[in-house]
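Coordinate inspection notes
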Amino acid sequence: MQRYILKRLLAALPTMAIVGVVVFSIIHLAPGDPAAIMAGEDADYEQVEAMREAMGLLDPIPVQFWNFVSGVAVGDFGESIFSGHKVSKLMLDRVEPTLSLALISLTISILISIPAGVLAAWKMNSIFDRIVMILALTGYAVPYFALGYVMIILFAVKLPLFPAGGYVYMSEDFGQYIYHLLLPSFVLGFAGSALITRMTRATMLEVLKEDYVRTARAKGLGETVVLLRHAFKNAANPVITVIGFSIAGFISGVVITETVFAIPGMGRLIVEAISQRDFQIIQSTILIVAMIYVMVNLIIDICYVFVDPRIRYDS
Amino acid sequence: MSTKSESQDIQFQGLRPKIPTYIAMANALWRNPNMLIGLIIILLVAIVALLAPLLIALDILEDPFIYDPLNRLLPPGRSEEGKFYLFGTGPLGRDIFSIVIYGSRVSLFVGLSVAIISAITGSFIGIVAGYFSRVDDIIMRFMDGIMAIPGILLAIVLMAILGPRIENVIFALTVVDSPRTSRIVRSVVLTIKESQYVDAARAFGATNSRILMRHIAPNTFAPVIVQATFLFASAILAEASLSFLGAGVPPDIPTWGNIIGEGRIYFISNSNIVILPSIGLFLLALAINMFGDGLRDSLDPKLRGKI
């Protein structure tokens, strides 16, 4: 088992390295001159050159890459070109809202989709199954921002149950923190649950046809035990895989949901940085977000070990 | 899975007449009402999109490019001047109904282009990686790296660097979508590569390029087509999201995402600006997904209910 975890950990390293290279190349090899953009539209030649010098763009590319990587390794992401603040500080302030939103919405979507998927498979072709499948199809096609605005209009304006937006830090007031996150998390969680619901239903349908499920029923076990202990446990693997896939979707959704609900998270930071052409912030934030994504997938890989004993012994 | 059905096809080729694809598709449409409804909606939107310039030229529709500050933020209905605005007007006085009609052009164009280009590049990368094991690791690690960056973020960054143009939106979304397609194609290629008929072809002295073109590429067609339909829908949503965030199509071009982004700050007082174009977006994406589901069920029954 330790070997398996170590192997997974080592496999994540090249991916991270490539993310670093990709992010770095996007900024440096793309057409357009970041120094000129940074210096502003009416800067003259000298100002652009000075900006280039200040940004370290005159160093050879490998040196620049080394500076970037070695900075990141010790948590130094440089300074924001626009405001001069430390990028690491800017990101640290924004991590909590983004992570909270992503985690709560992921939890909501798992709480919606797994029971829905299991029950839909159990009662295949029933009205319940039809409704679940229609909702799942809807979840695929609904744009996050549209759902967000509809929810705000319904549950914050017409029926003032929830705040229409904003964010309260966990340390300030925990109740308000959860209260402010419920509506945006539901929006994201509903849209995210589509894929997980469909996967749960599909794998459950296959597993429910297996002999051991028939045997379990034949020996008189209750349906709950059959469904959860015998069927779902065996259907869990692909479901976990899909949850891993959908993390990327959640992070993409967070960027938009933060805009709709005026939540000061990493997504807002990037969108603001882009409108200010603050490439220092852009490259660091993308790198951090990608790192979070790789880490979460690593955790999911490790979860397999607990769900599927075969992995524990095989490796 | 495709390996098995393919080898069965070969065994039975002499015994059972093969049903042409288009008849199989027509059958699938007939048996699957969801797929038919999806197709009808897509075709309707396509017809409207094609006719939009004509409707504007004939003065049936307002010109969605014209700003009319005097008539900004009107609710749906007739204005004081007696002009009829079915969906009301936006913050710059543009007629929202015309934008919804005209915006479908951009959505369909971007969605189709991204789907087709990603399907082609993704297939190419996937076939090369799957068939030539020497480059497999390098290519797929690189694809993993791109996939680790959440799609919308990667697209935003690319747009920030390339600048707001429709071509750039298509390019950015293709970069985002190709790796996923390549992974699907690669997994298909890996199973087909080991099949007996490929061994047989090789034993007969077929070259790599012949095996790739005659035996492997055709088998990736079904999953790629299915994937392309889903990409079509997701690219339409992604384009709207980019425009909504102000990192997509230039703001003067009337698109669904642009008008929703424009109306964002007015969504409580003038919710029509955000909601009505969103419904168009939702219906089109839903229709494409319904069509895609049906297509997948008929082309690849083993995947029913998944993806």
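Here the structure is a predicted model, which means the values were calculated and not measured.

On a plain count of helices and strands, chain B comes out with eleven helices and two strands. The helix and strand sequence of chain B, counted from the amino end, reads α-α-α-β-β-α-α-α-α-α-α-α-α. Across the 307 residues in chain B, those meeting the buried criterion constitute 55%. Taking the contacts inside chain B whose residues are at least 6 apart along the sequence as the reference set, 68% of them involve residues at least 24 apart.

In this section: the pattern of salt bridges. Residues and elements named next belong to chain A. Using the criterion set out here, one finds 14 salt bridges over all chains in the structure. The shortest N-O distance in the salt bridge between Arg 217 and Glu 223 comes to 2.8 Å. Classification of Arg 217 as partly exposed rests on a relative accessible area of 34%.

Residues Phe 145 and Met 204 of chain A together with Ile 156 and Leu 173 of chain B are the most contacted members of the largest nonpolar core, which totals 171 residues. Counting residues per element, this core draws most heavily on helix α10 (residues 223-260) of chain A, at 18 residues. Leu 173 of chain B has contacts with Val 110, Val 114, Ala 155, Ala 235, Ala 238, Glu 239 and Leu 242 of chain B, leaving out every residue within four places of it along the chain. Core analysis: the next-biggest nonpolar cluster, separate from the first, contains six residues, Ala 129, Ile 139, Met 140 and Met 147 of chain B among them.

Residue and element names in this part refer to chain B. Packing of helix α4 (residues 96-131) against helix α7 (residues 166-193) leaves a shortest axis separation of 5 Å and a crossing angle of 35°. Judged by the sense of rotation from one axis to the other, the crossing of α4 with α7 is right-handed. Here the residues of the contact of α4 with α7 are counted per class, giving 17 nonpolar, eleven polar and three charged.

Under the definition given, this model contains eleven aromatic pairs over all chains. Among the aromatic side chains, those forming a connected cluster through ring pairs are Phe 145 and Tyr 149 of chain A together with Phe 244 and Phe 267 of chain B. Over the ring of Trp 122 of chain A we find Lys 123 of chain A; its NZ or CZ atom is 4.4 Å from the centre of that ring.

On to helix α3 (residues 33-57) of chain B. Residue and element names in this part refer to chain B. In this model, α3 (25 residues) spans 36 Å end to end at C-alpha, consistent with the 36 Å of a helix rising 1.5 Å per residue. Considering bend angle alone, the principal kink of α3 is centred on Leu 51 and spans about 45°; proline Pro 53 follows within four residues of it. Turning to α3, its buried residues number three or more, namely Met 35, Gly 38, Ile 42, Val 45, Ala 49, Ala 52 and Ile 56. Among the residues trailing α3, Asp 59 stands out with phi positive, at a value near 70°.

Okay, the interface of chain A and chain B next. Taken together, the contact pairs 47 residues of chain A with 45 residues of chain B. Interface area for chain A against chain B, summed over the two sides, is near 4000 Å², with a carbon-plus-sulfur share of 80%. In this assembly, chain A and chain B are joined by one salt bridge. Taken together, the connections running from chain A to chain B amount to two residue pairs in polar contact (both at pLDDT 80 or more). Counting only elements with at least two residues in the side of chain A that touches chain B, the list comes to α1 (2-29), α6 (127-141), α7 (144-158), α8 (174-208), α10, α11 (266-275) and α12 (279-307) of chain A.

What counts and how
- Residues numbered from 1 in each chain as written.
- Chains lettered and ligands numbered in written order.
- Predicted model: local features only at pLDDT ≥ 70, side-chain atom pairs only at ≥ 80, totals over all residues.
- Heavy atoms only, no water.
- Helix = DSSP H or I, 4+ residues; strand = E, 2+ residues; numbered from the N terminus.
- Buried < 20%, exposed > 50% of the residue type's maximum accessible area, 1.4 Å probe, protein only.
- Contact = heavy atoms within 4.5 Å.
- Salt bridge = Lys/Arg side-chain N within 4 Å of Asp/Glu carboxyl O.
- Core = buried A, V, L, I, M, F, W, Y, C linked by side-chain atoms within 4.5 Å.
- Axes fitted to C-alpha atoms, helices over the stretch in contact; angles between N-to-C directions.
- Left-handed = near helix turned anticlockwise from the far one by under 90°.
- Nonpolar A, V, L, I, M, F, W, Y, C, P; charged D, E, K, R; others polar.
- Phe/Tyr/Trp six-rings, centres within 6.5 Å; stacked < 30°, edge-to-face > 60°.
- Lys NZ or Arg CZ within 6 Å of the ring centre and 35° of its normal.
- Expected span 1.5 Å × (residues − 1).
- Bend = angle between axes of the 7 residues up to and from the residue.
- Buried area = accessible area lost by both parts, 1.4 Å probe.
- Polar contact = N/O pair within 3.5 Å; in protein donor to acceptor, adjacent residues only side chain to side chain.

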